[in-house]
Amino acid sequence: MFFEDYTYHAQAVISSKLFWEYDLKGFDFEKMKNVVVERVIERGRMDDWYAMLNLYGVNEVVQVIKNLPYLNRKDANFVQAVFDISPNEMKCLQKKYQHWG
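The text that follows walks through the structure, step by step, so that each part is easy to find. (Residues numbered from 1 in each chain as written. Predicted model: local features only at pLDDT ≥ 70, side-chain atom pairs only at ≥ 80, totals over all residues. Heavy atoms only, no water.)

### Here we look at a nonpolar patch on the surface
Alright, step 1. On the surface, a cluster of nonpolar side chains totalling about 300 Å² of accessible area is made up of Phe 2, Met 46 and Phe 78.
Alright, step 2. With respect to the secondary-structure elements, Met 46 resides in helix α2 (residues 46-56).
Alright, step 3. Taking relative accessible area as the criterion, Met 46 reaches 38% and is therefore assigned partly exposed. (Patch = residues over 30% accessible without salt bridge, like charges linked within 9 Å, V, L, I, M, F, W, Y side chains within 5 Å. Areas by Shrake-Rupley, 256 points an atom, 1.4 Å probe, with all protein chains shown as cover. Salt bridge = Lys/Arg side-chain N within 4 Å of Asp/Glu carboxyl O. Helix = DSSP H or I, 4+ residues; strand = E, 2+ residues; numbered from the N terminus. Buried < 20%, exposed > 50% of the residue type's maximum accessible area, 1.4 Å probe, protein only.)

Pasting the structure below:
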């Protein structure tokens, strides 16, 4: 995995800039897990990725990725490669692979 050394970056924190429209004083990172994972994928820097993986763990991040309703093609391809996820397992890609009938 590309981020296999994430545990060595326990000091990393997710940038508050990724959540510009939220009041972070009461932000519940557990409840908002889908938003956090999506934002880190779309706009995060390395420290954001390390912090996300330390916060949720690889397995939980993969589960969230599989259930995200939307990712652009570039981001979807990236997480597929990094986490070895099949396109069939990703909700955001399922509609793209359906045939018109």
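So much for the structure itself; the text now carries on.
### Considering the packing of α2 against helix α3 (residues 58-67)
Two quantities define a packed helix pair, namely the angle between the helix axes and the distance between the axes.
Alright, step 1. Two elements in contact, α2 and α3, have axes separated by 6 Å at closest approach and are oriented at 105°. As judged from the angle between their axes, α2 and α3 are roughly perpendicular. The segment α2 lies against α3, with Met 52, Leu 53 and Tyr 56 engaging Val 58, Glu 60 and Val 61.
Alright, step 2. Residues belonging to the contact of α2 with α3 are distributed by class as follows: five nonpolar, no polar and one charged. (Axes fitted to C-alpha atoms, helices over the stretch in contact; angles between N-to-C directions. Parallel < 35°, antiparallel > 145°, perpendicular 65-115°, else oblique. Contact = heavy atoms within 4.5 Å. Nonpolar A, V, L, I, M, F, W, Y, C, P; charged D, E, K, R; others polar.)

### Some details on helix α4 (residues 73-83)
Alright, step 1. Taken together, the buried positions of α4 are occupied by Asp 75, Ala 76, Val 79, Gln 80, Val 82 and Phe 83.
Alright, step 2. Against α1 (33-43), α2, α3 and α5 (91-94) lie the buried residues of α4.
Alright, step 3. Trailing α4 by a residue or two, Asp 84 shows a phi angle of about 55°, which is positive.

### Overview of α3
Alright, step 1. Taken together, the buried positions of α3 are Val 58, Val 61, Val 62, Val 64, Ile 65 and Lys 66.
Alright, step 2. In this structure, the buried residues of α3 make contact with α1, α2, α4 and α5.

### What about the side chain of Gln 80?
Alright, step 1. Structurally, Gln 80 is set in helix α4.
Alright, step 2. Among residues more than four places away in sequence, those in contact with Gln 80 are Ile 85, Ser 86, Pro 87, Met 90 and Leu 93.

### Quick look at the packing of aromatic side chains
Alright, step 1. On inspection of all chains with the given rule, the structure shows eight aromatic pairs.
Alright, step 2. Geometrically, the ring pair formed by Phe 3 and Trp 49 is stacked, given 4.8 Å between the ring centres and 5° between the ring planes. Remark: Trp 49 occurs in helix α2 and Phe 3 occurs in the segment before α1; sequence separation between them is 46 residues.
Alright, step 3. Of the residues examined, Trp 49 reaches a relative accessible area of 4% and is grouped as buried.
Alright, step 4. Seen from their ring centres, Phe 19 and Phe 27 are 5.2 Å apart, and the 40° between their planes marks the pair as tilted.
Alright, step 5. Look at Phe 19 and you get buried, because its relative accessible area is 1%. (Phe/Tyr/Trp six-rings, centres within 6.5 Å; stacked < 30°, edge-to-face > 60°.)

Just geometry here; none of it tells us what the structure is for.
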